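If you want the building blocks of each chain, they are given just below.
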Amino acid sequence: MADQGVDSYGTYGEGGGYNGCGYQADYPPQEEDAASDVTEGHDEEDQMYEGEYQGIPHPDEVKAAHRAARAKARAAGNAVSELEELSQQYEDIMEDCGHGKFQWTLFVVLGLALMADGVECFVVAFVLPSAEKDLCLSNAEKGMLGLIVFLSMMVGAFVWGGLADKVGRRRCLIEALAINCVFGFLSSFAQGYGFFLFFRLLSGIGIGGTVPIVYSYFSEFLQMDKRGEHLSWLCMFWMIGAIYASFTAWCIIPRYGWGFTMGTEFQFHSWRVFVLAAACPAIASLVGLTFMPESPRFLLENAKHDEAWMILKQVHDTNWRAKGQPEKVFTVTHIKAPKTAEDEFIEIQSPTGTAVQRWAVRSLTLCKLVCTVTTHPTQFEEYESKVKVFHKERVENFHFNFSLENQIHKEGEYIHDKFISIEMKSVKFEDSLFEDCRFEDIKSTDTVFENCTIHSTVFYNTDLWEERFINCWMENTTFVHNKHGCHLDTEEENDVLIYLVSFLGSLAVLPGNIISALFMDKIGRMKIIGGSMLISAGCSFFLFLGFSQSAIIALQCLFCGVSVAAWNGIEVVTVELYPASKRATAFGVLNALCKLAAVLGSSIFASFVGITEVIPILLSFTALVCGGLVALRLPDTREKILL
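Residues numbered from 1 in each chain as written. Predicted model: local features only at pLDDT ≥ 70, side-chain atom pairs only at ≥ 80, totals over all residues. Heavy atoms only, no water.

## Here's the deal with the overall build of the chain
Just so we agree on the cut-off: Helix and strand definitions follow DSSP, with helices as H or I runs of at least four residues and strands as E runs of at least two, each counted in order from the N terminus. Only heavy atoms enter the contact rule, under which two residues are in contact if any of them lie within 4.5 Å. Each accessible area value is a Shrake-Rupley result obtained with a 1.4 Å probe; residue values ignore everything except the protein chains displayed when judging cover.
What the chain contains, in helices and strands, is 19 helices and 21 strands. Once local pairs closer than 6 in sequence are excluded, the contacts in the chain between residues at least 24 apart make up 64%. Total accessible area on the chain is roughly 30,700 Å²; 60% of this is exposed by carbon and sulfur atoms.

## Regarding the side chain of His 455
Rules: Accessibility here uses a 1.4 Å probe with only protein chains present; expressed as a share of the type maximum, an area under 20% marks a residue as buried, one over 50% as exposed, and anything in between as partly exposed. Polar contact is defined as a pair of N or O atoms within 3.5 Å, subject to the rule that within protein one atom must be able to donate a hydrogen and the other to accept it, and that residues adjacent in sequence are counted only when both atoms are side-chain atoms.
You can see His 455 is positioned in strand S17 (residues 453-455). Of the residues examined, His 455 reaches a relative accessible area of 16% and is grouped as buried. A distance of 3.0 Å separates the side chain of His 455 from the side chain of Glu 475, its partner in a polar contact. The contacts of His 455, once residues within four sequence positions are left out, are Leu 433, Phe 434, Glu 435, Asp 436, Trp 473, Glu 475 and Thr 477.

## Brief notes about the sheet that holds strand S11 (residues 413-415)
Keep this limit in mind: Two strands make a pair as long as DSSP finds a minimum of two bridges between them. Convention adopted: a line fitted to C-alpha atoms gives each axis, helices being fitted over their contacting stretch, and angles between N-to-C directions are expressed from 0 to 180 degrees.
Strand order across the open sheet formed by five strands is S8-S11-S14-S17-S20, with parallel pairing between neighbours. Each of the sheet's edge strands pairs with one partner strand only, and the pair in question is strand S8 (394-396) and strand S20 (473-475). Neighbouring strand axes in the sheet, compared pairwise and without regard to direction, differ in orientation by 5 degrees on average. Sheet topology note: the S11/strand S14 (residues 433-435) ladder contains three bridges and is parallel. The residue of S14 that forms the bridge with Tyr 414 is Phe 434.

## A closer look at the pattern of salt bridges
If the charged atoms of two oppositely charged side chains come close together, the side chains can form a pair. Short version of the rule: Definition used for salt bridges: Asp or Glu carboxyl oxygen within 4 Å of a side-chain nitrogen of Lys or Arg.
Counted under the stated rule, the structure contains 16 salt bridges. The closest approach of N and O atoms between Arg 169 and Asp 165, which form a salt bridge, is 2.7 Å. The exposure class assigned to Arg 169 is buried, which follows from its relative accessible area of 0%. Among the salt bridges present, the one from Arg 394 reaches Glu 413, with a minimum N-O distance of 2.3 Å. Here Arg 394 is found in strand S8, whereas its partner Glu 413 is found in strand S11, with 19 residues between them in sequence. We classify Glu 413 as partly exposed; its relative accessible area is 31%. One salt-bridge network, held together by shared partners, links Asp 165, Arg 169, Glu 220 and Arg 583.

## Describing unusual backbone geometry
One non-glycine residue, Ser 426, lies in positive phi territory at about 55 degrees. As for its position among the elements, Ser 426 is in strand S13 (residues 423-430). A positive phi angle is found at Ser 456, which is not glycine, with a value near 45 degrees. Structurally, the position occupied by Ser 456 is in the loop between S17 and strand S18 (458-462).

## Here's the deal with a nonpolar patch on the surface
Note the threshold: In this scheme, patches are assembled from residues that exceed 30% relative accessible area and form no salt bridge. Like charges are connected within 9 Å, while nonpolar side chains (Val, Leu, Ile, Met, Phe, Trp, Tyr) are connected within 5 Å.
On the surface, a nonpolar cluster with roughly 630 Å² of combined accessible area is contributed by Leu 593, Leu 596, Leu 600, Ile 604, Val 614, Ile 615, Leu 618 and Leu 619. Every element with two or more residues in the nonpolar patch is listed here: helix H18 (583-607) and helix H19 (614-631). Along the chain, Val 614 falls in helix H19. With a relative accessible area of 36%, Val 614 lands in the partly exposed category.

## Some thoughts on the state of the cysteines
When the sulfur atoms of two cysteines share a covalent bond, that bond is a disulfide. Which entries qualify depends on this criterion: When two cysteine sulfur atoms are found within 2.5 Å, that pair is recorded as a disulfide.
Across all of its chains, the model carries zero disulfides by this definition. The structure places no disulfide on Cys 452, whose sulfur is separated from the nearest cysteine sulfur, that of Cys 472, by 4.6 Å.

## Description of the packing of aromatic side chains
Operational definition: Side-chain rings of Phe, Tyr and Trp, where Trp is taken by its six-membered ring, are said to pair if the distance between their centres is within 6.5 Å; with planes under 30 degrees apart they count as stacked, over 60 as edge-to-face, and otherwise as tilted.
Inspection of the entire model under this criterion finds 32 aromatic pairs. Ring centres of Phe 122 and Trp 238 lie 6.1 Å apart, and the angle between their planes is 55 degrees; on these two criteria the pair is classed as tilted. With Phe 122 in helix H3 (residues 101-134) and Trp 238 in helix H8 (residues 224-252), this residue pair connects regions lying 116 residues apart in the sequence. Here the aromatic rings of Phe 398 and Phe 402 are separated by 6.3 Å at their centres, their planes lie at 65 degrees, and the arrangement is edge-to-face.

## Description of the nonpolar core
Convention followed: Take the buried Ala, Val, Leu, Ile, Met, Phe, Trp, Tyr and Cys residues and link them wherever side-chain atoms come within 4.5 Å; each set so joined is a nonpolar core. In this entry, domain limits derive from an automatic or database-based domain assignment.
Within the largest apolar cluster, 87 residues are counted, with the highest numbers of intra-cluster contacts made by Leu 110, Tyr 215 and Leu 234. Looking at which element gives the most residues to this core, the answer is H3, with 17 residues. Among the domains, domain 1 (73-326) and domain 3 (506-577 + 610-642) are the pair contributing at least three residues each to this core. When neighbours within four sequence positions are excluded, Leu 110 is seen to be in contact with Leu 173, Val 214, Tyr 217, Phe 218, Leu 234 and Leu 289.

## Quick word on the pairing of S13
Taken together, the six bridges between strand S10 (residues 404-410) and S13 define a ladder with parallel strand orientation. Bridging across to S13, Leu 404 finds its partner in Met 424. Summarising the sheet, S13 and strand S15 (residues 438-445) pair through three bridges and their orientation is parallel. Within the sheet, the bridge partner assigned to Met 424 lies in S15 and is Ser 444. Alignment of S13 against strand S16 (residues 448-450), held across three bridges, turns out to be parallel. Counted as the bridge partner of Glu 430 is Glu 450 from S16.

## Here's the deal with the packing of H8 against helix H9 (residues 270-278)
The axes of two packed helices give the description: the angle between them and the distance between them. Our working rule: By the definition adopted for this analysis, an angle is roughly parallel if under 35 degrees, roughly antiparallel if over 145, roughly perpendicular if from 65 to 115, and oblique otherwise. Handedness of a crossing is defined here by the sense of rotation of the near helix relative to the far one, left-handed for an anticlockwise turn of less than a right angle and right-handed for a clockwise turn.
Contact geometry of H8 with H9 gives a least axis separation of 9 Å together with a crossing angle of 150 degrees. Relative to H9, H8 is oriented roughly antiparallel. The interaxial crossing formed by H8 with H9 has right-handed handedness. When H8 is examined against H9, the residues Tyr 244, Ala 245, Thr 248, Ala 249 and Ile 252 are found in contact with a partner set consisting of Ser 270, Val 273, Phe 274, Ala 277 and Ala 278.

## Points about the packing of H3 against helix H7 (residues 210-219)
Test applied: When residues are sorted by character, Ala, Val, Leu, Ile, Met, Phe, Trp, Tyr, Cys and Pro go into the nonpolar class, Asp, Glu, Lys and Arg into the charged class, and all the rest, Gly among them, into the polar class.
At a minimum axis separation of 10 Å, H3 and H7 run at an interaxial angle of 170 degrees. What the angle tells us is that H3 and H7 run roughly antiparallel. Touching Gln 103, Leu 106, Phe 107, Leu 110, Ala 113, Leu 114 and Asp 117 of H3 are Thr 210, Val 211, Val 214, Tyr 215, Tyr 217 and Phe 218, all from H7. Of the residues assigned to the contact of H3 with H7, the class counts are ten nonpolar, two polar and one charged.

## Thoughts on the side chain of Thr 210
By secondary structure assignment, the location of Thr 210 is in helix H7. Among the residues examined, Thr 210 registers a relative accessible area of 0% and is labelled buried. If near-sequence neighbours (up to four positions away) are discounted, Thr 210 is found in contact with Ala 113, Asp 117, Leu 173 and Leu 177.

## Overview of the environment of Ile 604
Here Ile 604 shows up in helix H18. Judged by relative accessible area, which is 39%, Ile 604 ranks as partly exposed. Considered as a pair, Ile 604 and Pro 616 are twelve residues apart in the sequence and their alpha carbons are 7.1 Å apart.

Here's what the structure looks like:
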């Protein structure tokens, strides 16, 4: 360590000064041979390292060698900054604490939070087929529900990431998960579209903070040689969340009996039960976090030395007791930390600008600091235009006893026809004539009549009310026993394909997670990112060949399995590139950009549906290739100590 007479650190321990003021530790310093109560009766000389006669270096000798190498490199190089010296000391302390029970417990708790994030991405998609009937949703409203998921998570990532660097990782994660749980619970009881949208918006803002906080939080309890592997294993919980969402949706939503009604105003069908079940991972993580401590690295950045020391001692004692070595003593008596936890962002000071101006400059400065390029892998599905257009058809004395779906009828003539006990989904009649027709027991979704002439026609027990007829002229037309509102069809079987495809796609991520975890520290982050993105680009290119639906599903599974390795590498690199004071903030900005890319990707892809698949596929292919090539040129961070 640098000479205490000239360094600019506060010191935790005996006789240490803090910010120019005297600071006396609450815990007396321990000598190197000090023993705690639990060591009584143990003689360290009686214990023998079993690898001694096999020529295997003792782990403590390996750690000492690493520290000596780092000290030699510091001595040979230029002057070490305050932040680098703190980082090196913190790495030494984490090596002494070891990797064990404490990290694995935190791993599970934070993994459940990531699992909740994975579930959130699928909740709306799985409930829409049922909720569109229950809540009377139009296509525009369904699109807004899908969009609000990523928009709210984007806002949440940006907000919670910044807050985590200011008020603490643990506190922000608890508050974010609590918001997600509360409003996720309320959304399951919302009877109208407006309330459901509002509650899902707030729920998404809450869960949006999990990714930037979880990785920053967990990385600060890991030593350098464990960081890449264990952060990659942590990524697997997102996959588990997707599998959990697919499986529970498959098990619950088709079971229409899992619900109840209270008159006509309150309905609680099975899809609402699924929304409640989706909150379980967040609740479990929230409970677990109440037993976890704050990140000691965050506390040191904010000059809370005593709390940091106590937590580091807790980590040390928990791990070594679990390993059967309770005699090991936490010998750290001095922890260096900066005098102040100053924010290096450029800001307009209070006397020279308004609060809005300071916020604007702060946000702009933050964006300039984010220089790591990330790409959002886009999953592809086969989209075809299934809309059938009928022009100037004439139908007389015909009985329609089959469902009509995705059809447009222009300038048609229907004379003495019957539409009995059928479903009409996304059907539009334009400039058509209906003469002496009968519509009976009709269930419709997104069906309209526009500029039509309707003579001597009866609508009996249908849900075709006034809003479905736009600029239509009616004469001698009767509506009897009209249905009002939307009606959930409890007899219609749900298409399980949506659950199956999601389940297979999520399960396909498993090999990529395992490979990235095993090789992240062996071959390097950049090679994994670059190689995975280039292979993913190849998968997207094969969509040009127009395979069958089963082949498209297989390609999607391959894409998911490969691209997740790139995503894991990006998560690890992001943690390692930014200092502790800005780590969660930078992670939040980058995660928000990923969500923005998802929104833009969905919008661009949707605009080409029914026109061509070539342009979106080429855009995705180009983005993946460029991202992969750029990643290969970035420096490796395997041996980088967290700043």
